[in-house]
Amino acid sequence: RARMTDIEIAKGTIDGHSVCFCKDGKSFTLDGMGLSPLMRMINEGKDLHGYSAADVVVGKAAAMLFKKLGVVSVHGKLMSETGADFLEKSEITFTYDTLTDYIKNRKGTDMCPMEKTVLQISDAEEGFAALKRRIDEMMKTKI
């Protein structure tokens, strides 16, 4: 039987988790709301170059963070058209179970605030900086 690819392993391991990363057949999962697992990896200075990743929701914001982390292949259970477009432009291979116009906020009433934050941004570094600022602002208003 042929060896499973990293992206197949990641897809097969994600159930019950937020995101799964895999490289050379070795995988690890992360849990957390929204972009927090990806932001945590970046803030901890993790280098995930060459990894494949499966994520529950991949919008443009997550796509930018995957690029910043050096991920080469992404599978989204749910992916937005802007996320797919960004991955394509970044030459990151991707697949999805469901493609949607945009990622909704948690209430399902509007576009996700993280998606809105990066809508007009095309650079991953710029996107990360904007997302960091937006998350900091949201944390302050919750206190």
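For clarity, every value in this text was computed on a predicted model and none was experimentally measured.

It is worth spelling out the overall build of the chain at this point. A count of helices and strands for the chain gives 6 helices and 5 strands. Here the chain has a C-alpha radius of gyration of 14 Å; the compact-globule value for 143 residues is 15 Å, and the two agree. If one aligns the C-alpha atoms of the chain with their principal axes, the spans along those axes are about 50 × 30 × 30 Å. Among the 143 residues that make up the chain, the fraction classed as buried is 43%. Of the roughly 8,000 Å² of accessible surface on the chain, 51% is carried by carbon and sulfur atoms. Measuring between centres, the 21 positive side-chain charges of the chain sit 5 Å from its 21 negative side-chain charges.

Moving on, we get to the packing of helix α3 (residues 60–69) against helix α4 (residues 81–89). One can describe the packing of α3 onto α4 by two numbers: an axis separation of 7 Å at closest approach and a directional angle of 25 degrees. As far as their axial angle goes, α4 and α3 are roughly parallel. Of the residues in α4, those in contact with Lys60, Ala63, Met64 and Lys67 of α3 are Thr82, Gly83, Phe86 and Leu87. Across the contact of α3 with α4, the residue classes tally to 4 nonpolar, 2 polar and 2 charged.

Considering all chains together, one arrives at 6 salt bridges under this definition. In this structure, the salt-bridge partner of lysine 46 is glutamate 44, at a minimum N-O distance of 3.1 Å. Lysine 46 gets classed as partly exposed once you look at its relative accessible area, which sits at 41%. When its relative accessible area of 46% is taken as the criterion, glutamate 44 is described as partly exposed. Between aspartate 110 and lysine 116 there is a salt bridge; the shortest N-O distance is 2.5 Å.

Cut-offs and rules
- Residues numbered from 1 in each chain as written.
- Predicted model: local features only at pLDDT ≥ 70, side-chain atom pairs only at ≥ 80, totals over all residues.
- Heavy atoms only, no water.
- Helix = DSSP H or I, 4+ residues; strand = E, 2+ residues; numbered from the N terminus.
- Rg over C-alpha atoms; globule rule 2.2 N^0.38 Å.
- Buried < 20%, exposed > 50% of the residue type's maximum accessible area, 1.4 Å probe, protein only.
- Areas by Shrake-Rupley, 256 points an atom, 1.4 Å probe, with all protein chains shown as cover.
- Lys, Arg positive; Asp, Glu negative; His and termini not counted.
- Charge placed at Lys NZ, Arg CZ, Asp CG, Glu CD.
- Axes fitted to C-alpha atoms, helices over the stretch in contact; angles between N-to-C directions.
- Parallel < 35°, antiparallel > 145°, perpendicular 65-115°, else oblique.
- Contact = heavy atoms within 4.5 Å.
- Nonpolar A, V, L, I, M, F, W, Y, C, P; charged D, E, K, R; others polar.
- Salt bridge = Lys/Arg side-chain N within 4 Å of Asp/Glu carboxyl O.

Purely geometric stuff here, so don't read any function into it on its own.
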